[in-house]
Amino acid sequence: MSEDSLLDDALVRLDEAAAHLSIDPDVIEKLKFARETTKVRLMIRMDDGSRKSFLAWRCRYDDTRGPTKGGIRFHPDATADEVETLAFWMTFKCAVMNLPYGGGKGAVQVDPRQLSKAEIERLSRAYIQAFARILGPDRDIPAPDVYTNSMIMGWMADEYAQIVGQAEPAVITGKPISLGGSLGRGDATARGGYYLVRHLSADLGLGENLRVAVQGFGNAGQHIARLLAADGHKIVAVSDSEGGVYSEAGLHVDMLVNAKANGHSVVSTVGQGGHEALKGEALVGVECDLLVPSALENMIHEKNAGTIKARLILELANGPVTPEADAILARKNVIVLPDILANAGGVTVSYFEWVQNKQGFYWTERDIHDRLREIMEREGRAIWNIAKDKGVSVRTAAYVHALDRLAEAIEAHGTQSFFTS
Ligand code: GLU
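Here's a quick rundown of the structure. Predicted model only: the values in this text are computed from it and were never measured. (Residues numbered from 1 in each chain as written. Predicted model: local features only at pLDDT ≥ 70, side-chain atom pairs only at ≥ 80, totals over all residues. Heavy atoms only, no water.)

**Things to note about the overall build of the chain**
In terms of helices and strands, the chain carries 14 helices and 13 strands. For 421 residues, the compact-globule formula gives about 22 Å, and the C-alpha radius of gyration of the chain, at 21 Å, lands near that figure. For the chain, buried positions account for 58% of its 421 residues. Taking the intrachain contacts of the chain between residues at least 6 apart in sequence as the baseline, contacts between residues at least 24 apart amount to 69%. Entry remark: accessible area of the chain is about 17000 Å², with carbon and sulfur atoms responsible for 48%. A distance of 3 Å separates the average location of the 46 positive side-chain charges in the chain from that of its 56 negative side-chain charges. (Helix = DSSP H or I, 4+ residues; strand = E, 2+ residues; numbered from the N terminus. Rg over C-alpha atoms; globule rule 2.2 N^0.38 Å. Buried < 20%, exposed > 50% of the residue type's maximum accessible area, 1.4 Å probe, protein only. Contact = heavy atoms within 4.5 Å. Areas by Shrake-Rupley, 256 points an atom, 1.4 Å probe, with all protein chains shown as cover. Lys, Arg positive; Asp, Glu negative; His and termini not counted. Charge placed at Lys NZ, Arg CZ, Asp CG, Glu CD.)

Take a look at the structure:
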């Protein structure tokens, strides 16, 4: 892992892509800094009557292509640098999928596992009170991210409605269905990645019965395990923040999902159904065909990238592979389907939710799945072709694809070349 900030690491990918396009320097200059990042301190009443404060941020990185869009994360290690980096990735992710959005992100520095449900509700409402003036259905539209979910989005939508004096469902996505949420949003991140792998399967040389390792067993990890297992692939290893489990014969996905639903780690299934314990970072190096990082940033780095046996990595997490690890993986001919494409199913169905809220007409789950598959396949194919034509990694191709669209929009707003040519 480099000493640089996370954003500096992320900008390396922008420079790599820029080298393959002839782009006005104004464009790169614009994309290297966040448009605005607001930091606040949220004060809430705890259940015991005391008051406690938490740092919180909202970053609107770039809004050239539309209102800023991106989740809100609750995590003890959240920082301004991380929020800006995640918002930078959202900018590129929305451009990859051709969604009419810019990129944003928010976070609260908190360990939600230490808070009661009522405290989390007060924190969620406090977040909206602090940021309501920069949010809006045509300005900045949050959604769930790490350790936030539809229940929290429901509280936030409710708080926003109280502030503006009317229901405004399109201000936030990932809501409960009863408050204007979309069918198919729950598993959208995993489903998008699943459609992508299925579509490129022949190009990637993948066979029928893949052995899969899933790092992180939250929303994305659980759904990808379920979707792939239903197709007959074998989930051989899974981990969460407390450790991992392994079974050469294939893990029982239902058992793992049940353990999580009851508030337990996947480790609690060790000893049942042939599940064996897996230590620390061992998951990354297990014998498998497909590795699916679904947890946090920088989980695959210089020190463990060399141990990877998988031929393919599907990045359902944001930023799981460092630039140093990317170089090691390229030398090992491991193909990486990058985050800004692989996990874009989530924000794509968020976009569908926003469209449905604005038009007041709701689609069937089948509509959602079909439209998601169509976009994943179209953009995935375009990026795959760029990678082949230019002889670059799929990640660089995804950045080239997004940067091309961003540059066109930035140019249309007016850059130096308008005045000098
Ligand atoms: N948090 C998700 C992401 O990183 C979803 C964002 C959204 O739906 O706006 O892509």
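**Notes on the sheet that holds strand β11 (residues 290-293)**
The seven strands are arranged β10-β9-β8-β7-β11-β12-β13 in an open sheet whose pairing can be described as mixed. Both edges of this open sheet fall to β10 (276-278) and β13 (335-337), since each of them pairs with a single strand only. Each strand of the sheet is rotated relative to its neighbour by a mean of 20°, with strand direction disregarded. Sheet topology places β11 next to strand β12 (residues 312-314); two bridges connect them, and they run parallel. (Pairing = 2+ DSSP bridges. Axes fitted to C-alpha atoms, helices over the stretch in contact; angles between N-to-C directions.)

**What about the packing of helix α1 (residues 6-18) against helix α13 (residues 394-413)?**
Between α1 and α13, whose axes approach to 8 Å, the crossing angle comes to 75°. What the angle tells us is that α1 and α13 run roughly perpendicular. Residues R13, L14, E16, A17 and A18 of α1 lie in contact with α13, whose contacting residues are R395, T396, Y399, V400 and L403. Looking at side-chain class alone, the contact of α1 with α13 contains six nonpolar, one polar and three charged residues. (Parallel < 35°, antiparallel > 145°, perpendicular 65-115°, else oblique. Nonpolar A, V, L, I, M, F, W, Y, C, P; charged D, E, K, R; others polar.)

**A short note on the site of the ligand**
The environment of the ligand is formed by 14 residues, the closest being K69, K93, P144, D145 and S350. For the ligand, the accessible surface in isolation is 300 Å², of which the surrounding protein chains cover 94%. Breaking the shell around the ligand down by element, the ones donating at least two residues are α3 (80-96) and α11 (345-359). Looking at the shell around the ligand element by element, the count peaks at three residues for α11. (Near = heavy atom within 4 Å.)

**Some points on the packing of aromatic side chains**
Going through the model one piece at a time under the given rule, you end up with 10 aromatic pairs. For the pair Y101 and W354, a centre-to-centre distance of 5.1 Å together with 70° between the ring planes defines the contact as edge-to-face. With Y101 in the loop between α3 and β5 (102-109) and W354 in helix α11, the pair connects residues that are 253 residues apart, well separated along the chain. Judged by relative accessible area, which is 0%, Y101 ranks as buried. Ring centres of Y351 and W354 lie 6.2 Å apart, and the angle between their planes is 35°; on these two criteria the pair is classed as tilted. Note that Y351 and W354 are positioned in helix α11 at a spacing of three residues, about one turn of the helix. Judged by its relative accessible area of 21%, Y351 is partly exposed. Three or more aromatic residues link up through ring pairs in this structure, and these residues are Y101, Y351, F352, W354 and W363. For the cation-ring pair, R371 lies above W363, with the distance from its terminal atom to the ring centre recorded as 3.9 Å. It is K388 that lies over the ring of W384; its NZ or CZ is 4.7 Å from the centre. (Phe/Tyr/Trp six-rings, centres within 6.5 Å; stacked < 30°, edge-to-face > 60°. Lys NZ or Arg CZ within 6 Å of the ring centre and 35° of its normal.)

**Considering the side chain of T85**
Summarising the element assignment, T85 is placed in helix α3. Judged by relative accessible area, which is 0%, T85 ranks as buried. Discounting chain neighbours no more than four positions away, the residues touching T85 are L6, L7 and A10.

**Some points on the packing of helix α4 (residues 117-131) against helix α5 (residues 150-164)**
Across the interface, α4 lies against α5 with an axial gap of 9 Å and an inter-helix angle of 45°. Taken as axis vectors, α4 and α5 run oblique relative to one another. Classified by chirality, the crossing of α5 by α4 is right-handed. Contacts between α4 and α5 involve K117, I120, E121, S124, R125, Y127, I128 and Q129 on the former and, on the latter, M151, I152, W155, M156, D158, E159, Y160, Q162 and I163. Considered class by class, the residues forming the contact of α4 with α5 number nine nonpolar, three polar and five charged. (Left-handed = near helix turned anticlockwise from the far one by under 90°.)

**Side note on the pairing of strand β2 (residues 51-62)**
As paired elements, strand β1 (residues 36-45) and β2 share 10 bridges and run antiparallel to each other. Opposite L42, over in β2, you have F54 as the bridge partner. Turn length for the β1-β2 hairpin, with the two strands adjacent in sequence and antiparallel, is five residues, and the turn residue G49 shows positive phi of about 95°. When β2 meets β5, the two strands line up antiparallel, connected through six bridges. Residue pairing across strands places D62 opposite G103, the latter belonging to β5.

None of the figures reported here should be taken as evidence of function without further support.
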